[in-house]
Amino acid sequence: MVNIEETSLERMEALLSHSALGVHVLFDNKDIAGVLKEVKDDKDFYSFDKMKKVQDVMTELIAKKTYFEKMAYLQALEPDSYQMLVRAYFHIVENTVRANNEFH
């Protein structure tokens, strides 16, 4: 029997795979562009407090079972948390793409 954490991680990996191909099912393209356009310097992003908050938000997102639960969670986030999540998500996508390209 597959445990909940494995299933959640598998779902997250599937989302990341789609995002690596340019299909971002969780985030609106306008939101993505707006958040990433505001990024001037990533140094502020890597503070311990921000990383802890991103980890908590990402963990909660991953725990949501359905697409609709994930969307409802994202829509309920305060703007600052949402923006940090988008930034973290695309850092993960970028690193995933780079890692996959190194092996091919």
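In this text, all values refer to a predicted model and were calculated from it rather than measured experimentally.

Reading the values: the criteria
Residues numbered from 1 in each chain as written. Predicted model: local features only at pLDDT ≥ 70, side-chain atom pairs only at ≥ 80, totals over all residues. Heavy atoms only, no water. Helix = DSSP H or I, 4+ residues; strand = E, 2+ residues; numbered from the N terminus. Buried < 20%, exposed > 50% of the residue type's maximum accessible area, 1.4 Å probe, protein only. Contact = heavy atoms within 4.5 Å. Areas by Shrake-Rupley, 256 points an atom, 1.4 Å probe, with all protein chains shown as cover. Arc of directions from axis to C-beta. Salt bridge = Lys/Arg side-chain N within 4 Å of Asp/Glu carboxyl O.

Chemist: Can you walk me through the overall build of the protein in this structure?
Modeler: If you tally the helices and strands in the protein, you get five helices and zero strands. Counting from the amino terminus, the protein carries its helices and strands in the arrangement α-α-α-α-α. In the protein, which comprises 104 residues, the proportion classed as buried is 31%. Within the protein, contacts between residues at least 6 apart in sequence are counted, and of these 78% link residues at least 24 apart. Roughly 7,300 Å² of accessible area belongs to the protein as shown, and the carbon and sulfur atoms make up 57% of that amount.

Chemist: Where do I start with helix α4 (residues 67-76) in this structure?
Modeler: The periodicity of an α-helix, 3.6 residues per turn, causes residues three or four places apart in sequence to face the same way. Every buried residue of α4 is listed here: Lys70, Met71, Tyr73 and Leu74. All buried residues of α4 fall inside an arc of 160 degrees around its axis, so they share one side. Of the exposed residues in α4, the ones pointing more than 90 degrees away from its buried face are Phe68, Gln75 and Ala76.

Chemist: Help me out: how do you make sense of the pattern of salt bridges in this one?
Modeler: Once the charged atoms of two side chains with opposite charge are near each other, the side chains can pair. All chains considered together, the criterion is met by four salt bridges. Residue Glu78 pairs with Lys53 through a salt bridge whose shortest N-O separation is 3.3 Å. Taken together, the positions of Glu78 in the loop between α4 and α5 (79-102) and Lys53 in helix α3 (residues 48-63) put the pair 25 residues apart, joining distant regions of the chain. What makes Lys53 partly exposed here is its relative accessible area of 28%.

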